[in-house]
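Each chain, letter by letter, is given below.
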Amino acid sequence: MAPRKPKPKPKRAGDGETPGDVRPKLAVWKFASCDGCQLTLLDCEDALLEIAAKVEIANFPEASRAIVRGPYDVSLVEGSITTSHDAERIHTIRRASKVLVAIGACATSGGIQALRNFAEVGGWMTAVYGRPDAIPTLRASTPISDHVKVDFELHGCPISKEQLIRVLGAILRGNVPRLPHHSVCLDCKRNGTVCVTVAEGQPCLGPVTRCGCGALCPSHGRGCYGCFGPLAEANFGGMGRLLEVKGVDAAGRARLFRGIYGAAEAFRVESESHGRNRT
Ligand code: SF4
Ligand code: SF4
Ligand code: SF4
């Protein structure tokens, strides 16, 4: 008599798989960017293993060549829209995604490459490329939300891994992600960091920049340059006047606001109010 085959063990929820063996599909997409925000996901280490056990990683070119067809439960989108091809592809991704999260300065404001928005990009292309007509570059670098509906934006250049884990965890539990909403200054106070503006007169955008980094730069003795983007409802005009009082000239003030998040509305408007409209 042939030996009996052992019965397969039933799968249990909580073993890293949901009942019915169906795990939510997570996809990570890249547009114009440096890959730094995707690397933040890889940098989540142990937490990433926990996340990977709860989801099916369906598309993540930075980590795997395996591609699973959509639709996707959660899409993380890194990078800004800079070509006509990008502008078409983001619509395909949106249609295939139940929840779409834009991650990082590039995806949420256009990123450092949005400095092109303040200049004549055609002139640069002619200077750099032999065949500028072969480059399908758009005139401006734009955030994902300029093209499709975005369900949540996670800021930073790069994003914070603690915030990323928190947001992914909330989405996978079916909750609305919530993040702290305060300025970098408050984290300075909590850390007991001596203010570099008060103590040394250094320019610092901390009062108008959203939290996320734990006030990293001031803790190393330098001012914040706004890489987590403008804090909603902050007093940007007051920030500009403070910089002026501290002796930062108009070009310096404009340059400070026109950095990584320079295309975000509040920083762009304040930058232009200091009279420097071109990079
Ligand atoms: S936001 Fe910064 S770290 Fe993230 S992809 Fe863009 S340039 Fe890289
Ligand atoms: S160092 Fe910058 S972020 Fe920190 S308290 Fe002073 S102004 Fe605010
Ligand atoms: S530039 Fe500002 S927001 Fe960015 S890490 Fe430094 S302190 Fe944090």
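All values derive from a computational prediction rather than experimental measurement.

Draft legend 1. Seen up close, the site of ligand 1. The local shell around ligand 1 consists of Ser33, Cys34, Asp35, Gly36, Cys37, Glu78, Gly104, Ala105, Cys106, Gly156, Cys157 and Pro158. Put simply, the parts of the chain that give the shell around ligand 1 at least two residues each are helix 1 (36-42) and helix 4 (104-109). Its residues assigned to classes, the shell around ligand 1 shows six nonpolar, four polar and two charged.

Draft legend 2. Focus on the packing of aromatic side chains. Under the defined criterion, the tally for this structure stands at three aromatic pairs. Each ring, one from Trp29 and one from Tyr72, has its centre 5.4 Å from the other, and the planes form 75°; the classification is edge-to-face. A residue pair is termed long-range when its members are at least 10 positions apart, and Trp29 in strand 1 (residues 25-30) and Tyr72 in strand 3 (residues 72-78) qualify at 43 residues. You can call Tyr72 buried: its relative accessible area is 7%. The rings of Phe236, Phe257 and Phe267 are connected pair by pair, giving a single aromatic cluster. Here Arg89 stacks its cationic end above the ring of Phe31, 4.0 Å away from the centre of that ring. One cation-aromatic arrangement involves Arg258 over Phe118; the distance from NZ or CZ to the ring centre is 3.9 Å.

Draft legend 3. Structural context of the pattern of salt bridges. Under the defined criterion, the tally for this structure stands at eight salt bridges. The partner of Asp35 in a salt bridge is Lys30, with the nearest N and O atoms 2.6 Å apart. Under the relative-accessibility criterion, Lys30 is labelled partly exposed at 32%. For Arg94, the salt bridge is made with Asp151, and the minimal N-O distance between the two is 3.1 Å.

Draft legend 4. The site of ligand 3, seen in detail. Around ligand 3 lies a shell formed by Thr209, Cys213, Cys217, Pro218, Cys224, Tyr225, Gly226, Cys227 and Phe228. Residue composition of the shell around ligand 3, grouped by class: seven nonpolar, two polar and no charged.

Draft legend 5. Broad picture of helix 2 (residues 46-54). Along helix 2, the residues classified as buried are Ala47, Leu48 and Ile51. Buried residues in helix 2, looked at end-on, bunch into an arc of 100°, giving them a common side. Away from the buried face of helix 2 by more than 90 degrees, exposed residues Asp46, Leu49 and Glu50 are located. Residues of helix 2 that are buried in the fold lie against helix 1 and helix 6 (161-172).

Draft legend 6. Representation of helix 3 (residues 84-96). With 13 residues, helix 3 should cover 18 Å at 1.5 Å per step; its first-to-last C-alpha distance of 19 Å lies within 8% of that length. Every buried residue belonging to helix 3 is among Asp86, Ile90, Ile93 and Arg94, and all of these are buried. Axial view of helix 3: buried residues confined to an arc of 100°, hence all on one face. Relative to its buried face, helix 3 has exposed residues pointing more than 90 degrees away, namely His85, Glu88 and Arg95. If you follow the buried residues of helix 3, they end up packed against strand 1, strand 3, strand 4 (81-83) and strand 5 (97-103).

Draft legend 7. How the structure looks around the confidence of the model for the protein chain. Across the protein chain, the average pLDDT comes to 90, with 91% of residues at or above 70. Taken as a whole, residues 8-19 scores under 50 in pLDDT and shows 10 contacts with residues more than four places along the chain or in a different chain.

About the thresholds
- Residues numbered from 1 in each chain as written.
- Chains lettered and ligands numbered in written order.
- Predicted model: local features only at pLDDT ≥ 70, side-chain atom pairs only at ≥ 80, totals over all residues.
- Heavy atoms only, no water.
- Near = heavy atom within 4 Å.
- Helix = DSSP H or I, 4+ residues; strand = E, 2+ residues; numbered from the N terminus.
- Nonpolar A, V, L, I, M, F, W, Y, C, P; charged D, E, K, R; others polar.
- Phe/Tyr/Trp six-rings, centres within 6.5 Å; stacked < 30°, edge-to-face > 60°.
- Buried < 20%, exposed > 50% of the residue type's maximum accessible area, 1.4 Å probe, protein only.
- Lys NZ or Arg CZ within 6 Å of the ring centre and 35° of its normal.
- Salt bridge = Lys/Arg side-chain N within 4 Å of Asp/Glu carboxyl O.
- Arc of directions from axis to C-beta.
- Contact = heavy atoms within 4.5 Å.
- Expected span 1.5 Å × (residues − 1).
- pLDDT = per-residue confidence, 0-100.

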